Amino acid sequence: MAAKPLLIKRIVYTFERFEQVLVRGGTLTIVVALLALTWLNSPWGHSWLYLWENPLTITFGKYSFAQPLGFWVQQVLLTLLYLVLGLELKRVLRVGELKEKPDLIFTVAASLGGMVLPVAFYLYLAPAGAASGWPVVATADAATVLALLALASNSLPLSLRVYVSTASIMQGIASLLLSVLLYTSVQNMLVLSIATGLFGLLVVLRALRNRTMWLYLMLSLGMLISLLLAGVQGAVAGVLLALVIPVHSRVREEDFVTSTDTIMGQLHALRMMKRPEPDEEIEEDFQAAVHTLRVNSTRALSPLRRLQQRLLPWAAYLALPLFVLAFVPFAYNSFAWRDLLGPVPLGVCLGLVLGKPLGMLLFGWMASLSGIARIPAAVHWGQLIGASMLTGAGFVFSLFQALQTFADAEQLTLVRISIYATSALAGLLGILVLAVAGKTKDLPHTQV
């Protein structure tokens, strides 16, 4: 078996790294979810309850804020995840793979359909008292979807993976903001005003083209604390921060290429002058050149990419697994199987398995038929059908919305189980359709 090369010999684009890390994080999350279920239902289940229900106190001078550990995972670590997803969405739309209007319109239309139709299915079945649970089916989980896509095939077009990832992020962020706007009961208007003022300062910093990252982070931390004290979801702070982080680099591409060529030319000239033996290295010159290239590369990275690169592993390998460890488990004896056929669990199931792919395909098809949008390049409708079915695996983000919506513990358990079963079913169906689509001839883009 050949050793893996130490150096990369091609350009690795931002989405490739984003996808790779999220796929690993999504896979780890599924494994942790199974372990968490086993833990809670084992003889040591009381230790799980003690861990997540034990209060953790944060003190600022004479002020203290005590909440269970699970609260901090949900409100702080999930903020980190939403920030990373918001940064990726901004990159894709502003300078990335969907910066062209026809590509953007198709993705927006499909995302809208992936929210409208499942919500309609859910509201049709759910009783009036549970109507506020529609965000559970409106959202989507980009990490789980990308992990399922990787499981389905390692040769799917990049354009398809970008489309599904971006549509999932759009639905996740939109459902969060809508649920906060419609259902949040503000506990302290003064503190909320402070949070608004801090966001205003962030907007001013962006308008002044300030790129002092620690200043952005300090103001956003204050905004997060203010939102939590006001009774607003902390994840909103992550989305708002992503809006103001600069997406462009101060260093011009021409200057970076010229400086890199100059440094490499100097290193090559030193090797020619010193004429080392074949196995001998001019270590000091070589390391000095590497360090200089690293400094230049860091300066050339845009603030958005620099922040995303640093936070992405923490979001994928810490925030996601800890969230599922804290909130996925349920006691096997805490529900009756017949209750899973109730209107709310069925509404969640039909909304995600049937409504979401139908909505995405229908709205996307209508947008492409109008001539103002186009489906992703090198993708046929069979692949779109399979990928759209995978978005029904809402898993983490559907669970996050369920925690905000359902106060009754018994109802929440039923919704939990429905989300897990639905995610497994949607994943299985999507993988099967993609497997069949991969063996069939591409359909013309005008057919569905």
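Residues numbered from 1 in each chain as written. Predicted model: local features only at pLDDT ≥ 70, side-chain atom pairs only at ≥ 80, totals over all residues. Heavy atoms only, no water.

Focus: the side chain of Ser-398
Right, so step 1: Its place among the elements puts Ser-398 in helix H16 (residues 395-405).
Right, so step 2: The buried category is assigned to Ser-398, whose relative accessible area is 0%.
Right, so step 3: Among the polar contacts made by the side chain of Ser-398, one reaches the main-chain carbonyl oxygen of Val-136 at a distance of 2.8 Å.
Right, so step 4: Beyond its immediate sequence surroundings of up to four residues, Ser-398 is in contact with Val-136, Thr-139, Leu-352 and Ile-419. (Helix = DSSP H or I, 4+ residues; strand = E, 2+ residues; numbered from the N terminus. Buried < 20%, exposed > 50% of the residue type's maximum accessible area, 1.4 Å probe, protein only. Polar contact = N/O pair within 3.5 Å; in protein donor to acceptor, adjacent residues only side chain to side chain. Contact = heavy atoms within 4.5 Å.)

Details of the packing of helix H7 (residues 158-183) against helix H10 (residues 235-244)
Right, so step 1: Look at H7 against H10: their axes get within 10 Å of each other, and the N-to-C directions meet at 120°. As far as their axial angle goes, H10 and H7 are oblique. Of the two possible hands of crossing, H7 and H10 adopt the one that is left-handed. Counted together, Ile-173, Leu-176, Leu-177 and Val-180 of H7 and Ala-235, Val-236 and Val-239 of H10 form the full contact between these two elements.
Right, so step 2: Taken together, the residues of the contact of H7 with H10 break down into 7 nonpolar, no polar and no charged. (Axes fitted to C-alpha atoms, helices over the stretch in contact; angles between N-to-C directions. Parallel < 35°, antiparallel > 145°, perpendicular 65-115°, else oblique. Left-handed = near helix turned anticlockwise from the far one by under 90°. Nonpolar A, V, L, I, M, F, W, Y, C, P; charged D, E, K, R; others polar.)

Things to note about a nonpolar patch on the surface
Right, so step 1: Residues Trp-214, Met-218, Leu-221, Ile-225 and Leu-229 make up a contiguous nonpolar surface patch of roughly 510 Å² in combined accessible area.
Right, so step 2: Here Leu-221 is to be found in helix H9 (residues 213-230).
Right, so step 3: Note on Leu-221: relative accessible area 43%, which makes it partly exposed. (Patch = residues over 30% accessible without salt bridge, like charges linked within 9 Å, V, L, I, M, F, W, Y side chains within 5 Å. Areas by Shrake-Rupley, 256 points an atom, 1.4 Å probe, with all protein chains shown as cover. Salt bridge = Lys/Arg side-chain N within 4 Å of Asp/Glu carboxyl O.)

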